[in-house]
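Working through the structure, step by step
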Amino acid sequence: MNRIVVEQKVLNENQRVAAELRERFRQNDVFSLNLVSSPGSGKTSLLERTLEAFSHRSRVAVLTGDIQTENDARRLARFGFPVRQITTGGTCHLDARMIEKHIAGWNLSDVDMLLIENVGNLVCPSSYDLGEDAKVVLLSVTEGDDKPLKYPSMFAKSELMVLNKMDLLPYVQFSLEQARENARRVHPGIEIIELSCTTRDGLDRWLNWLQSRRPGTPAASSGVGVNSLPRQL
Amino acid sequence: MHELSIATAILDRVAVEAKRHDGARFIKVGVRIGELSAIDPDALSFAFQALTAQSEWERLALEIEYCPRVQRCRQCHTEFRCAPCETECPACGAAETVLVAGEELDIAFLEVEDA
């Protein structure tokens with residue numbers, strides 16, 4: 001019997017496309033984030049609060065993934081920044097090829113920051129590199145403090161955990177201490193930011209984190225109003 | 001959860017190898033699945049069977065080697081298998097250990113029928 005040694009990553013093709021994307025982002029000085037969480041943790045709300053805080057000079061673009069509907073793109077487009085919806089039609093994660101396809105036509109040299117909202121799912125998106133600089137995992141206090149232990153891969157691969165819906169903490173059985181400890185058990189170096197997209201408490205820490213990772217991004221404009229200038233790439 | 005995509009990616013690779021080894025009749029493909037890969041071996045086997053049934057790969061078997069999570073201690077360099085989230089070194093008790101195995105999602109080999 002003959003054996004052919006293959007020794008390839010199953011997701012070799014995804015890795016190849018992700019590496020190409022990463023190189024394109026690097027050449028164009030684009031800082032990219034892959035936002036992951038369960039459905040309903042607040043990824044779109046966090047993006048709304050983020051875009052709302054950015055000044056109209058910010059060069060931000062957003063890709064938002066869902067299995068169905070263009071609802072998120074509609075919610076995010078009203079801030080005036082370029083937004084594209086990726087509708088996967090059933091696939092439970094985004095892959096690098098989808099990113100490549102949906103940034104086509106955008107001039108990356110006009111983008112400082114690309115925010116990618118993954119499909120709500122704590123399992124599959126952890127396997128697919130999108131060429132991003134960092135993964136950010138959201139966990140909301142209504143989900144339970146043991147999620148990092150139940151879905152270790154996602155928390156192990158994320159640089160930052162955002163604990164959202166902190167305003168609901170008094171009403172739910174959720175130990176902040178336990179959540180922090182669980183996250184650090186699967187990823188000792190993980191950074192943690194607590195905030196509420198509803199009350200906006202803690203949002204400044206998130207914006208500061210973004211700014212620390214992508215210096216030069218004009219975050220936190222003093223005006224609160226919605227940016228109404230349509231922007232083209 | 002995305003075992004069908006993984007099975008498809010495996011068969012894509014098999015097709016590439018088939019072109020490379022013209023005329024070879026593949027009877028088995030061997031893969032390594034790590035404990036942390038978020039892939040369920042049973043679901044992968046099921047997806048693989050569903051995709052290969054009544055196809056040109058009908059006779060191709062899937063062999064899965066399941067790879068447990070292994071950590072290495074930064075202090076004493078002991079390597080140990082660990083239960084999820086119990087990553088402390090069992091030898092010296094150090095908390096700082098690094099992952100050395102368990103994330104595999106690899107195609108290892110193809111077996112070819114003797115001519």
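Residues numbered from 1 in each chain as written. Chains lettered and ligands numbered in written order. Predicted model: local features only at pLDDT ≥ 70, side-chain atom pairs only at ≥ 80, totals over all residues.

Moving on, we come to the overall build of chain B. Of the regular secondary structure elements, chain B holds 2 helices and 6 strands. Secondary structure of chain B in N-to-C order comes out as α-β-α-β-β-β-β-β. Computed over C-alpha atoms, the radius of gyration of chain B comes to 18 Å, more than 25% over the 13 Å expected from 2.2 N^0.38 for 115 residues, which places it beyond the range of a compact globule. Scored against the burial criterion, the 115 residues of chain B give a buried share of 29%. Within chain B, contacts between residues at least 6 apart in sequence are counted, and of these 68% link residues at least 24 apart. (Helix = DSSP H or I, 4+ residues; strand = E, 2+ residues; numbered from the N terminus. Rg over C-alpha atoms; globule rule 2.2 N^0.38 Å. Buried ≥ 20, exposed ≤ 12 C-beta atoms within 10 Å, placed from the backbone. Contact = placed C-beta atoms within 7 Å.)

All names here are of chain B. With antiparallel pairing, 3 strands are arranged side by side in an open sheet as S4-S3-S5. Here the strands that pair on one side only, and so sit at the sheet edges, are strand S4 (79-81) and strand S5 (97-101). Taken pair by pair, the neighbouring strands of this sheet meet at an average axis angle of 35 degrees, ignoring direction. (Pairing = 2+ DSSP bridges. Axes fitted to C-alpha atoms, helices over the stretch in contact; angles between N-to-C directions.)

Now for the packing of helix H1 (residues 3-20) of chain B against helix H2 (residues 41-52) of chain B. Residue and element names in this part refer to chain B. With their axes 8 Å apart at the nearest point, H1 and H2 run at an angle of 55 degrees to one another. Between H1 and H2, the crossing angle belongs to the class labelled oblique. Classified by chirality, the crossing of H2 by H1 is right-handed. Counting all contacts with H1, which are made through Glu3, Leu4, Ile6, Ala7, Thr8 and Leu11, the residues of H2 involved are Ala43, Leu44, Ala47, Phe48 and Leu51. Taken together, the residues of the contact of H1 with H2 break down into 9 nonpolar, 1 polar and 1 charged. (Parallel < 35°, antiparallel > 145°, perpendicular 65-115°, else oblique. Left-handed = near helix turned anticlockwise from the far one by under 90°. Nonpolar A, V, L, I, M, F, W, Y, C, P; charged D, E, K, R; others polar.)

Quick look at the confidence of the model for chain A now. Across chain A, the average pLDDT comes to 91, with 92% of residues at 70 or higher. In the model, residues 221-230 of chain A has pLDDT below 50 throughout and makes 13 contacts with residues more than four positions away in sequence or in other chains. (pLDDT = per-residue confidence, 0-100.)

A separate point is the interface of chain A and chain B. On the chain B side, the residues contacting the 23 residues of chain A number 24 residues. Sorting elements by how many residues they give to the side of chain A that touches chain B places strand S1 (residues 2-9) of chain A first, with 8 residues. Taken together, the residues that form the side of chain A that touches chain B break down as 12 nonpolar, 6 polar and 5 charged. Strand direction decides the pairing type here: S1(A) and strand S6 (residues 105-112) of chain B, joined by 6 bridges, are antiparallel. When the sheet's bridge partners are listed, Val5(A) is paired in S6(B) with Phe109(B).

With that settled, consider the nonpolar core. The biggest cluster of nonpolar side chains holds 76 residues, and the ones touching the most others in it are Val62(A), Ile99(A), Leu115(A) and Ile116(A). Residues within four places of Leu115(A) in sequence aside, it is in contact with Leu33(A), Leu35(A), Leu47(A), Val60(A) and Val62(A). (Core = buried A, V, L, I, M, F, W, Y, C linked by C-beta atoms within 7 Å.)

This part takes up the pairing of strand S2 (residues 31-36) of chain A. Residue and element names in this part refer to chain A. With 6 of 6 residues buried, S2 is to be regarded as a mostly interior element. Side chains Phe31, Leu33 and Leu35 project from S2 onto one buried face, and the interleaved Ser32, Asn34 and Val36 project onto a second face that is buried too. Here 5 bridges tie S2 to strand S5 (residues 113-117), and the two strands are oriented parallel to one another. Within S5, the residue paired with Leu35 across the bridge is Glu117. Summarising the sheet, S2 and strand S6 (residues 134-140) pair through 4 bridges and their orientation is parallel. From the neighbouring strand, Leu33 faces S6, where its bridge partner is Ala134.

Residue and element names in this part refer to chain A. The buried fraction of strand S3 (residues 60-66) is high, at 7 of 7 residues. By the alternation rule, side chains of S3 split into Val60, Val62, Thr64 and Asp66 and Ala61, Leu63 and Gly65, which are all buried. By the bridge criterion, 5 bridges tie S3 to S5 in an arrangement that is parallel. Counterpart to Ala61 in the pairing with S5 is Leu114.

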